[in-house]
Amino acid sequence: MLKPARMKKFNVLLLSSDIQSMLDSFKDEPLLEFRKVDTTLKGISSFDASEREKFVSYHLIRARKVVSFLRAYSKEPTLGEKIKSFFFVDGEPKFEHISQSELKRQINSFLEPLFNRVEVMEQRLKDISEKKSALAKEKEILNAIARLEVEPNLISRYGPFEIIVGQIAPEFEDEFVEILNSTEYARLLKIVGSEEKTVLFLIDVDAYNLIFPKLRKIGFERLVFSKADLRPSDAIRGIEKEISCLEKEKEKIIKECRLLEKKFLGKVLVLQEMLEIEKAKEKALQLFGRTENTTLFEAFVPAELESRFMQKLNKATKGRFYVEKASFSEEEAPVMLKHNSYFKNYEFLLKLYGLPEYNSIDPTVFIGILYPILFGLAFSDVGYGIVFLAAMLIIRFTYAKRSFSMQCLSNVLIHGAVTTILFGFIFGGFFGDLGGESMKKLAIIDLFSKAPSGQSYALLFIGSMWAVGLLHLNFAILLGLIEDIRKKNYKMALADKMVYFVLETGLAFYAASFLFPSIQALQLGGIFLIITALALLFASSGPLGLMKITGFLGNVLSYSRIMVLSISTFAIAMSINILAQLLFAVPIFGLALGIIFLVFGHFANLLFNVLSSFIHPLRLHFVEFFSFFYSGNGKEFKPFYFPRKITEKKEV
Amino acid sequence: MADPATMNALGLMMVGAGLAVGIAAAGSGLGQGITAAAAVGGVAEKDYSFGKMLVLTAISETQAIYGFVIAILIIFVVASGAGAF
């Protein structure tokens, strides 16, 4: 639990004829991670991309294309269906696994014809879309000409002159007229429109070519149209009819697409999944080495799964294999975390930073213990805690069922919500001060009052957080010390870890000397230890080494953020309550406005504080706690494993 | 009711507390804006670094928190000592 799972590395030699059955046997269980065999050794060669791999890749691309096309035009779910699918996760329908020969047969019998049909449909839909946008553009031009109220056949060339129609943005109208007037061979005939100005002018063709760059600069667009023989209104009607025909054709194709989806999508998904598995097998092969008749592979297997690995290998090869355990370095070993169901939820938080190295300490357990406490302390409000817990429980058992990582996140937040309620009771927070006097009576600590010792509870809270920080950081230093000693890095152990203990002990002795002035040794011992620590810091890192003390102090002070977050949750909630009370005093709508403000205000405060309470305890772990012992440079164990989503294979 | 001199002193302490948290928060906000912009770029390039980036953006909040701590100390230690609380 405090270290990643132990791994074993195996070199396995087997007959090349058994390779497919071996890969088939391992792909359904996360048992082993293949590593590249050294093929530079004499007599061993690597697997090149085979015809089979090309075949698999080729058809996989086709299957994916068919799936994405059929899904792109599938029926849009209604709002009710969308809400239902958010809360109730339907498992994907399962289809039976198919054999390799059946896979080939189905590829030829229906994937190929279906792909060809899909390509034709896709092309036609593309053509329709292009044609529709061209017609829409033409309609826009005709509308602009209709606004000019001129016969379209007049817009043409007359010897060296031409009548041109175009569009210009209203803010460039003056500039346009100016450019046109700059040549004596042009005459503005008409200018209409408000949002977009449509202009009609007569111009000498050479003069037009001369001023065109200037016109282009101010965004002038010439309108060119094909139906000059028709009146604009007739042409527009024709275009609308054409667009309607195209839409009908598109609908027909989409209808056909939905029929195909209903009939074939499941089957294609099966083929896609099977082809993906085959492709992964082919890729794994490229890590292997081979001789004429045998194949060699190297794999890491979690030590606890060794017997299962042997059993599967034995069954797949009918006992025809040779296996030997290989030695490996710490750097090459993959990392697999191993925890009980509670701490497993916190693994994803650690992965956000990086996995531990193979032989180093796995801090998931420490995160799992302190993180929910800090989360609850930072939030500490019964009202928010209950709402948040209810929301997280609903999400946990509905939406989060989709994936394991979402389940872990919601579990972590549920733990946080529980501690929020707990600390809310301790500090008497219920949506800030909405709980009134009765909540205050229930509270153990009122942060805005004084403790029996005469000190403010707020100050005691800050002090407690510094104490928590000091303990937490000292624990991190201890872990770092253990790591340094394990790595035989004694200099670091002494100058980077032990030095803090020496300094803290010296300070404690010195402080104790004020309590027990009769014991002189305390003061002397304290001074001696402080000087020793400073000398060690100076010797290891020069004058800058002394900065480590302020850095450490900063780290301890950083834990006061938890208290700050707790007070800010309360203060913002209190402000919302005060403002809502002011709104209640407004006549007629006051009550409604106040309630709306109260609900939205508290909802926003809940969201902000969930985010803060999630991030800040995490930061305390990542930045302060980890800085003394954790690198997060481990490589994740990536097993040769393909969880089936669509197909299921019945175990024989 | 305390005498005007004490009230003035308390008022100044409250202004000091407000400035401590306000200026620190403004600085943090500026810093966080810069970090967050860089973090968004980083995540766009390497999406697996989201966790680290999220925490990096929270680092610049530290100064606001220190400001808040100072404000709390002013209110509960200094002002409390002067008999305000």
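In this text the structure is predicted, and so the values were computed from the model without any measurement.

What about the overall build of chain A?
Turning to step 1, where the next piece is worked out: In terms of helices and strands, chain A carries 20 helices and 15 strands.
Turning to step 2, where the next piece is worked out: For 652 residues, the compact-globule estimate of 2.2 N^0.38 gives 26 Å, and chain A exceeds it by more than 25% at 37 Å.
Turning to step 3, where the next piece is worked out: Taken over the C-alpha atoms alone, chain A extends approximately 120 × 85 × 55 Å along its principal axes.
Turning to step 4, where the next piece is worked out: By the burial criterion, 45% of the 652 residues in chain A qualify as buried.

Here we look at the domain arrangement of chain A
Residue and element names in this part refer to chain A.
Turning to step 1, where the next piece is worked out: Taken domain by domain, chain A holds domain 1 (1-47 + 286-334 + 637-644), domain 2 (49-128 + 234-284), domain 3 (132-233) and domain 4 (341-628).
Turning to step 2, where the next piece is worked out: Here the C-alpha centre of domain 3 lies 46 Å away from the C-alpha centre of domain 2.
Turning to step 3, where the next piece is worked out: Each partner contributes residues to the interface: domain 2 has eleven residues there, and domain 3 has twelve residues.
Turning to step 4, where the next piece is worked out: Around 1200 Å² of area is buried between domain 2 and domain 3 when both sides are counted, 67% of it from carbon and sulfur atoms.
Turning to step 5, where the next piece is worked out: Contact with domain 3 buries surface across domain 2, with Asp-234, Ile-236 and Ile-239 losing the most and accounting together for 46% of the total.
Turning to step 6, where the next piece is worked out: In this structure, Lys-139 engages Glu-240 in a salt bridge whose closest nitrogen and oxygen atoms are separated by 3.2 Å.
Turning to step 7, where the next piece is worked out: For the side of domain 2 that touches domain 3, the element with the highest residue contribution is helix 7 (residues 232-285), accounting for ten residues.

Focus: the interface of chain B and chain A
Turning to step 1, where the next piece is worked out: The interface is formed by 18 residues belonging to chain B together with 23 residues belonging to chain A.
Turning to step 2, where the next piece is worked out: A combined buried area of about 1800 Å² lies between chain B and chain A, and 78% of that area is made up of carbon and sulfur atoms.
Turning to step 3, where the next piece is worked out: In terms of surface lost to chain A, no three residues of chain B exceed Val55(B), Ile65(B) and Phe76(B), which account for 29% of the buried area on that side.
Turning to step 4, where the next piece is worked out: Remark: the boundary between chain B and chain A carries zero salt bridges.
Turning to step 5, where the next piece is worked out: No other element matches helix 3 (residues 62-81) of chain B, which puts ten residues into the side of chain B that touches chain A.
Turning to step 6, where the next piece is worked out: Across the side of chain B that touches chain A, the residue classes tally to 13 nonpolar, three polar and two charged.

Quick look at the nonpolar core
Considering soluble globular proteins, one finds that nonpolar side chains tend to be buried as a cluster.
Residues and elements named next belong to chain A.
Turning to step 1, where the next piece is worked out: Membership of the largest hydrophobic core comes to 83 residues, with the highest contact counts inside it found for Leu-349, Tyr-371, Phe-388, Met-563 and Phe-626.
Turning to step 2, where the next piece is worked out: Of the residues that make up this core, three or more belong to each of domain 1 (1-47 + 286-334 + 637-644) and domain 4 (341-628).
Turning to step 3, where the next piece is worked out: Those residues in contact with Tyr-371 that sit more than four places away from it in its chain are Tyr-346, Leu-349, Phe-366, Val-412, Ser-613, Phe-614, Pro-617, Leu-618 and His-621.
Turning to step 4, where the next piece is worked out: Core analysis: the next-biggest nonpolar cluster, separate from the first, contains 48 residues, Ala-63, Leu-114, Val-150 and Ile-646 among them.

Details of the pairing of strand 6 (residues 161-168) of chain A
All names here are of chain A.
Turning to step 1, where the next piece is worked out: Counting buried residues in strand 6 gives seven out of eight residues, a clear majority hidden from the surface.
Turning to step 2, where the next piece is worked out: As judged from the two bridges shared by strand 5 (residues 157-158) and strand 6, these two strands associate in the antiparallel manner. Across the sheet, Arg-157 pairs through a bridge with Glu-162, a residue of strand 6.
Turning to step 3, where the next piece is worked out: With antiparallel pairing between neighbouring strands as the criterion, strand 5 and strand 6 make up a hairpin whose turn holds two residues, including Gly-159 at a positive phi of roughly 60 degrees.
Turning to step 4, where the next piece is worked out: In terms of strand pairing, strand 6 meets strand 9 (residues 221-222) through two bridges, oriented antiparallel. Following the sheet pairing, Gln-167 is matched in strand 9 by Glu-221.

Let's talk about a nonpolar patch on the surface
Residues and elements named next belong to chain A.
Turning to step 1, where the next piece is worked out: A contiguous nonpolar patch, built from Phe-584, Leu-591, Ile-595, Ile-596, Val-599 and Phe-600 and spanning about 610 Å² of accessible area, is present on the exposed surface.
Turning to step 2, where the next piece is worked out: The biggest single contributor to the nonpolar patch is helix 20 (residues 590-625), with five residues.
Turning to step 3, where the next piece is worked out: Tracing the backbone shows Ile-595 in helix 20.

Observations concerning the packing of aromatic side chains
Within a pair of aromatic rings, the relevant descriptors are the distance that separates the centres and the angle that separates the planes.
Residue and element names in this part refer to chain A.
Turning to step 1, where the next piece is worked out: The tally for this structure, following the rule as stated, stands at 44 aromatic pairs over all chains.
Turning to step 2, where the next piece is worked out: Measuring from centroid to centroid gives 5.6 Å for Tyr-208 and Phe-212, while their planes differ by 55 degrees, and the two rings are tilted. Note that Tyr-208 and Phe-212 are positioned in helix 6 (residues 205-217) at a spacing of four residues, about one turn of the helix.
Turning to step 3, where the next piece is worked out: On the basis of relative accessibility, which here comes to 6%, the residue Tyr-208 falls in the buried class.
Turning to step 4, where the next piece is worked out: Note on Tyr-371 and Phe-614: the rings are 6.2 Å apart at their centroids and 85 degrees apart in plane angle, and the pair reads as edge-to-face. Pair noted here: Tyr-371 is in helix 11 (residues 364-379) and Phe-614 is in helix 20, with a separation of 243 residues, a long-range link.
Turning to step 5, where the next piece is worked out: Residue class for Tyr-371 comes out buried when judged on its relative accessible area of 1%.
Turning to step 6, where the next piece is worked out: Phe-614 sits in the buried class, given a relative accessible area of 12%.
Turning to step 7, where the next piece is worked out: Over the aromatic face of Phe-110 sits the side chain of Lys-267, whose NZ or CZ is 5.4 Å from the ring centroid.
Turning to step 8, where the next piece is worked out: Over the ring of Phe-397 we find Arg-396, and its NZ or CZ is 5.0 Å from the ring centre.

A short note on the environment of His472(A)
Residue and element names in this part refer to chain A.
Turning to step 1, where the next piece is worked out: Within the secondary structure, His-472 is located in helix 15 (residues 457-486).
Turning to step 2, where the next piece is worked out: Sequence-wise, His-472 and Glu-624 are 152 residues apart; in three dimensions their C-alpha atoms are separated by 9.1 Å.
Turning to step 3, where the next piece is worked out: Those residues in contact with His-472, other than ones at most four positions away along the chain, are Leu-370, Tyr-559, His-621 and Phe-625.
Turning to step 4, where the next piece is worked out: Looking at His-472, its side chain comes within polar contact range of the side chain of Tyr-559, at 2.7 Å.

So, the side chain of Asn609(A)
Residue and element names in this part refer to chain A.
Turning to step 1, where the next piece is worked out: Assignment of secondary structure puts Asn-609 in helix 20.
Turning to step 2, where the next piece is worked out: Polar side-chain contacts of Asn-609 include one of 3.0 Å to the side chain of Thr-569.
Turning to step 3, where the next piece is worked out: Setting aside residues no more than four positions away along its own chain, Asn-609 makes contact with Phe-379, Leu-565, Ser-568 and Thr-569.

Some remarks on the packing of helix 2 (residues 51-72) of chain A against helix 4 (residues 100-148) of chain A
Residues and elements named next belong to chain A.
Turning to step 1, where the next piece is worked out: Between helix 2 and helix 4, the least distance of the axes is 9 Å, while the angle of their chain directions is 45 degrees. Classified by the interaxial angle, the pair formed by helix 2 and helix 4 is oblique. The two elements helix 2 and helix 4 meet at a crossing, and its hand is left-handed.
Turning to step 2, where the next piece is worked out: For the contact of helix 2 with helix 4, the residue count by class is eleven nonpolar, three polar and seven charged.

Re a negative patch on the surface
Residue and element names in this part refer to chain A.
Turning to step 1, where the next piece is worked out: On the surface, Glu-140, Glu-171, Glu-195 and Glu-196 cluster together into a negatively charged patch.
Turning to step 2, where the next piece is worked out: Here Glu-196 shows up in the loop between strand 7 (186-192) and strand 8 (197-204).
Turning to step 3, where the next piece is worked out: Overall, the relative accessible area of 34% leaves Glu-196 in the partly exposed class.

Scoring rules and cut-offs
- Residues numbered from 1 in each chain as written.
- Chains lettered and ligands numbered in written order.
- Predicted model: local features only at pLDDT ≥ 70, side-chain atom pairs only at ≥ 80, totals over all residues.
- Heavy atoms only, no water.
- Helix = DSSP H or I, 4+ residues; strand = E, 2+ residues; numbered from the N terminus.
- Rg over C-alpha atoms; globule rule 2.2 N^0.38 Å.
- Buried < 20%, exposed > 50% of the residue type's maximum accessible area, 1.4 Å probe, protein only.
- Domains from an automatic or database assignment.
- Contact = heavy atoms within 4.5 Å.
- Buried area = accessible area lost by both parts, 1.4 Å probe.
- Salt bridge = Lys/Arg side-chain N within 4 Å of Asp/Glu carboxyl O.
- Nonpolar A, V, L, I, M, F, W, Y, C, P; charged D, E, K, R; others polar.
- Core = buried A, V, L, I, M, F, W, Y, C linked by side-chain atoms within 4.5 Å.
- Pairing = 2+ DSSP bridges.
- Patch = residues over 30% accessible without salt bridge, like charges linked within 9 Å, V, L, I, M, F, W, Y side chains within 5 Å.
- Areas by Shrake-Rupley, 256 points an atom, 1.4 Å probe, with all protein chains shown as cover.
- Phe/Tyr/Trp six-rings, centres within 6.5 Å; stacked < 30°, edge-to-face > 60°.
- Lys NZ or Arg CZ within 6 Å of the ring centre and 35° of its normal.
- Polar contact = N/O pair within 3.5 Å; in protein donor to acceptor, adjacent residues only side chain to side chain.
- Axes fitted to C-alpha atoms, helices over the stretch in contact; angles between N-to-C directions.
- Parallel < 35°, antiparallel > 145°, perpendicular 65-115°, else oblique.
- Left-handed = near helix turned anticlockwise from the far one by under 90°.
- Lys, Arg positive; Asp, Glu negative; His and termini not counted.
- Charge placed at Lys NZ, Arg CZ, Asp CG, Glu CD.

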